[in-house]
Each structure stands twice: as C-alpha cells, then as structure tokens.
Amino acid sequence: MTDKQYQPKPDDRSDNVEKLQDMVQDTIQNIEKAHETMEFSSGQEKEQIIAKNKRREEAIEGFRREIKDEYHNQND
C-alpha cells in the first residue's frame, strides 16, 4: 500500500442538466424499443415489459424533477 493521500475530484455540477436530459432521452428511446418488442412478445413477457416501462416512466419523472432543481440551483 502507498501512503499517498487521494483527493476526491471537485464537485463539478455544471453539466448535470445536460446529463440528466440525455438520460431522459435514452430512457424514452428504451421505452419506444420495448413497445416495438412487445408486438412480438407473449403474455408474461408483455407484462414484464409493461412493468419495466412503468418504472422507466417513474425514473423520467425523477430525472425531470432533478433537472428542475439543478436548473434553479445554477441560476440562484
């Protein structure tokens, strides 16, 4: 082991809004792909896709709340 002291990276939140927006877009694309997959799926698979898409929609709501908070924090 070394005796070096490791310093954490500074908290750079300047691009959080952009990252969160990208996450929203990626999640929306995943929902759309899942809808396409659902056309070729059986009953149980469809139920799993529906449940997963519900969780994705909830995640999107959370991302949007974070975007709003980050935007307000950057502009205060």
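The coordinates are above.
The residue numbering used here restarts from 1 in each chain and proceeds along that chain's sequence as written. This being a predicted model, a pLDDT of at least 70 is required before a residue's local features are given, and a value of 80 or more before pairs of side-chain atoms are given or counted; all residues contribute to the totals for chains, interfaces and linings. Side-chain numbers come from the whole structure's heavy atoms, not from hydrogens or water.

Draft legend 1. Focus on helix α2 (residues 43-74). Put simply, DSSP H or I for four residues or longer makes a helix, DSSP E for two residues or longer makes a strand, and each gets a number counted from the N terminus. What a helix should span is 1.5 Å times the count of its residues minus one. Spanning 32 residues, α2 covers 46 Å between terminal C-alpha atoms, matching the ideal 46 Å at 1.5 Å per step. Within the span of α2, buried status applies to I49, N53, R56, I60, G62, F63, I67 and E70. On its buried face, α2 sits against α1 (16-38). Using a 1.4 Å probe on the protein chains alone, a residue whose accessible area is under 20% of its type maximum counts as buried, one over 50% counts as exposed, and one in between counts as partly exposed. Between two residues, a contact is recorded if the distance between any of their heavy atoms is within 4.5 Å.

Draft legend 2. Fine view of α1. The terminal C-alpha atoms of α1, which comprises 23 residues, lie 33 Å apart, in line with the 33 Å expected from a rise of 1.5 Å per residue. Every buried residue of α1 is listed here: N16, V17, L20, V24, T27, I31, A34 and M38. Next to the buried residues of α1 lie α2.

Draft legend 3. Here's a closer look at the nonpolar core. One finds V17, L20, V24, I31, I60, F63 and I67 forming the largest nonpolar core, which totals seven residues. For this core, the secondary structure elements donating two or more residues are α1 and α2. With four residues, the single largest contributor to this core is α1. Apart from the residues within four sequence positions on either side, L20 is in contact with F63, E66, I67 and E70. Within this scheme, the nonpolar core is defined by two criteria: the residues are buried Ala, Val, Leu, Ile, Met, Phe, Trp, Tyr or Cys, and they are joined through side-chain atoms within 4.5 Å.

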